[in-house]
Amino acid sequence: MKRTMACALGVLGLTLTSQAGEPLIHPPPPGKAFWSSANDDYTVRVRQPGGSWRDLYEYRVRVDNDQKRDASMVLFDMDGPVEVSVRRNNGDVRRVQIRPASAGVEPTFQGDSAIFRLEQPRKLSVEFDGDRLGNLHLFAGTMRPSVPAEDGPGIKIFGAGIHVPPEGADRFVIPSDTRVYFAPGAILEGGIDLRGARNVQLTGPGLITKAKDEGILVAHARNIGIDGLVIVNPGHYSVQCGQSTGITITDFKAISMGNWTDGLDFMSCSDVRVDDVFLRNSDDNIAIYGGRWDYRGDARNYLITRAILWADIAHPVNIGLHGTPGAAETIANLTFRDIDILEHDEDDPEYQGALAISNSDGNLVRDVLFEDVRVERIEEGMPFNFRTVFNKSYSHAHGRGVQNVTLRNVHFREAGTHRPVIAGHPDGGPVQNILIEDVSIAGRSLTAADIDIGRGVTGVRIR
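Keep in mind that what you see is a predicted model, and the values were worked out from it rather than measured.

A.B. asks: Tell me what's going on with the overall build of the chain, and back it up with residues and numbers.
C.D. replies: Regarding its fold elements, the chain presents two helices and 40 strands. For 463 residues, the compact-globule estimate of 2.2 N^0.38 gives 23 Å, and the chain sits close to it at 22 Å. Taken along its principal axes, the extent of the C-alpha atoms in the chain is 65 × 55 × 35 Å. Here the chain holds 463 residues, and the buried ones make up 57% of them. Here the contacts in the chain between residues at least 6 apart in sequence split such that 71% fall between residues at least 24 apart. Each charge class in the chain was averaged separately, 49 positive and 61 negative side chains, and the resulting centres sit 1 Å apart.

Here it is, written out as structure tokens:
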């Protein structure tokens, strides 16, 4: 594996710096992890326009629990325009695609490398010859202030290098009233435990790997911020949030492969803000529920913006399936805006939908807005599915109903394998007041004839 002196310094654990305008290269894993964590499928370099090329470390990540493949990931930070060079090291190359399409990144070929320019930080998938499984995930982050030199009152530092939990533990427990800083090149081999925590901020481009269960567990907590982190292949959800309030997740990246390896799951959580995230998971990317397990209560007030979602299996967005039986919980005031869905693949027709409201367990789902959404590919599934259901595998009861859902400026590049559905359930609540405004499928404006509308549905309007 070819590496520059910058990478060699990183192996020695030295801090890498950059001049004004130059990209910041994250140190690679030290010691044996340098080799065990690497993937040589690509050679990736970055530079300030017109400057000298600098090598990046290519991480190996695992994707798609159905087909199980090794993919690649690179990390760096930028505070001005950069140029990126990506060479695929195995086989001839005929074409390259960079997604999401909305980013407008157009590569050119120079010899055997794809070259492209970034004007601002981006989260991208680089795909040669249509290979979406062995692709390159490129995460170009924002340059951040320097990390404090050492721990202090209410401050915890994870510097560059590998960190393991205390002996006998598989998580890092963070106490209340703590600000945690992660330096570029900080690698945590274990999850983060925020059970019962108050006023905790996790900030910086740290990498969480080898989490036995959740990458980050937020439970019975309040005022939690997660900013800049990357989670790779946890044993369960990337972030599990239960019965917590005041959660903010920004500039976050997660890649997972395995059973029930969702991205962001919220159970009985309220006052949630998610912005600028990239989630590729072998289950739901974002799930919002009422009560589940030992979590109880409503789920209210969500704003989810600038999200790139890739569901190798299941749903990019799944709302309302779980709740506390007999508690009559409400899931309300949810806004999804400026969303790119790269993939949706779910083989069960009763459980599909790139945008899914599967309302059961006595929940009432109301006041949901999907606005400025772009869906690029549906391998198997349907564009949207808004229903009151009783799911034989997961539900304890029928849902109480779905009310006031708006799709505005939503465009599905492909029709999918099944038509969209809006339906109530004979033993459950109705579906009421659905507004569909400026929605297209495969380049054609959606009409009522394109939707399977079932019983118990009133007030569907299409503009």
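A.B. asks: With reference to specific residues and values, describe the sheet that holds strand S9 (residues 113-118).
C.D. replies: Spatially, five strands are ordered S3-S2-S6-S9-S8 in an open sheet, and the strand pairing comes out antiparallel. The sheet is open, and its two edges are formed by strand S3 (54-55) and strand S8 (108-110), each paired on a single side.

A.B. asks: I'd like a rundown of the nonpolar core, residues and numbers included.
C.D. replies: Core analysis: the largest hydrophobic core is formed by 72 residues, its most contacted members being Ile 216, Phe 252, Phe 266 and Phe 370. In contact with Phe 370, other than residues within four places in its own chain, are Val 317, Ile 319, Phe 336, Leu 355, Phe 386, Val 405, Thr 406, Leu 407, Arg 408 and Val 410.

A.B. asks: Provide a residue-level description of the sheet that holds strand S39 (residues 452-453), including the pertinent values.
C.D. replies: Strand order in the open sheet formed by 11 strands is S14-S17-S20-S23-S25-S27-S29-S31-S34-S36-S39, with parallel pairing between adjacent strands. Edge positions in the sheet fall to strand S14 (171-173) and S39, since each of these pairs with one other strand and no more. Sheet topology note: the strand S23 (residues 239-242)/strand S25 (residues 264-267) ladder contains four bridges and is parallel. Looking across to S25, one finds that Val 239 is bridged to Leu 264.

A.B. asks: Just give me the short version of the packing of aromatic side chains, but keep the residues and values in it.
C.D. replies: With the rule as written, the count across this model stands at 14 aromatic pairs. Through a chain of ring-to-ring contacts, three or more aromatic side chains come together here, namely Phe 336, Phe 370, Phe 384, Phe 386 and Phe 412. Over the face of the ring belonging to Trp 310 we find Arg 99, whose NZ or CZ atom lies 5.0 Å from the ring centre. Just above the ring of Trp 310 sits the side chain of Arg 280; from NZ or CZ to the centre is 3.6 Å.

A.B. asks: Hey, could you go over unusual backbone geometry for me, with residue numbers and the actual values?
C.D. replies: Note the cis peptide between Arg 99 and Pro 100, where omega equals 5 degrees. With respect to the helices, strands and loops of the structure, Pro 100 is situated in the loop between strand S7 (96-99) and S8. With phi around 60 degrees, Asp 177 is a residue other than glycine that occupies positive phi space. Here Asp 177 lies in the loop between S14 and strand S15 (178-182). Positioned with a positive phi, Asp 361 is a non-glycine residue whose angle comes to about 55 degrees. Looking at where Asp 361 falls in the secondary structure, it is placed in the loop between strand S31 (355-359) and strand S32 (364-375).

A.B. asks: Describe the pairing of strand S30 (residues 330-345), listing the residues and the values that go with them.
C.D. replies: Within S30, 13 of the 16 residues are buried, leaving the element largely enclosed by the surrounding structure. Summarising the sheet, strand S28 (residues 299-311) and S30 pair through 11 bridges and their orientation is parallel. Looking at the pairing, Thr 305 lines up with Arg 337 of S30. Judged from the 10 bridges that link them, S30 and S32 form a sheet pairing that is parallel.

A.B. asks: Before we move on, can you summarise the environment of Gly 154 with the specific residues and values?
C.D. replies: Considering the arrangement of structural elements, one finds Gly 154 in the loop between strand S11 (136-142) and strand S12 (155-158). Each C-alpha atom, one on Gly 154 and one on Thr 178, is 4.4 Å from the other, the two residues being 24 residues apart in sequence. Ignoring any residue separated from it by four or fewer positions in sequence, one finds Gly 154 in contact with Asp 177, Thr 178 and Arg 179.

Each value, and the rule that gives it
- Residues numbered from 1 in each chain as written.
- Predicted model: local features only at pLDDT ≥ 70, side-chain atom pairs only at ≥ 80, totals over all residues.
- Heavy atoms only, no water.
- Helix = DSSP H or I, 4+ residues; strand = E, 2+ residues; numbered from the N terminus.
- Rg over C-alpha atoms; globule rule 2.2 N^0.38 Å.
- Buried < 20%, exposed > 50% of the residue type's maximum accessible area, 1.4 Å probe, protein only.
- Contact = heavy atoms within 4.5 Å.
- Lys, Arg positive; Asp, Glu negative; His and termini not counted.
- Charge placed at Lys NZ, Arg CZ, Asp CG, Glu CD.
- Pairing = 2+ DSSP bridges.
- Core = buried A, V, L, I, M, F, W, Y, C linked by side-chain atoms within 4.5 Å.
- Phe/Tyr/Trp six-rings, centres within 6.5 Å; stacked < 30°, edge-to-face > 60°.
- Lys NZ or Arg CZ within 6 Å of the ring centre and 35° of its normal.

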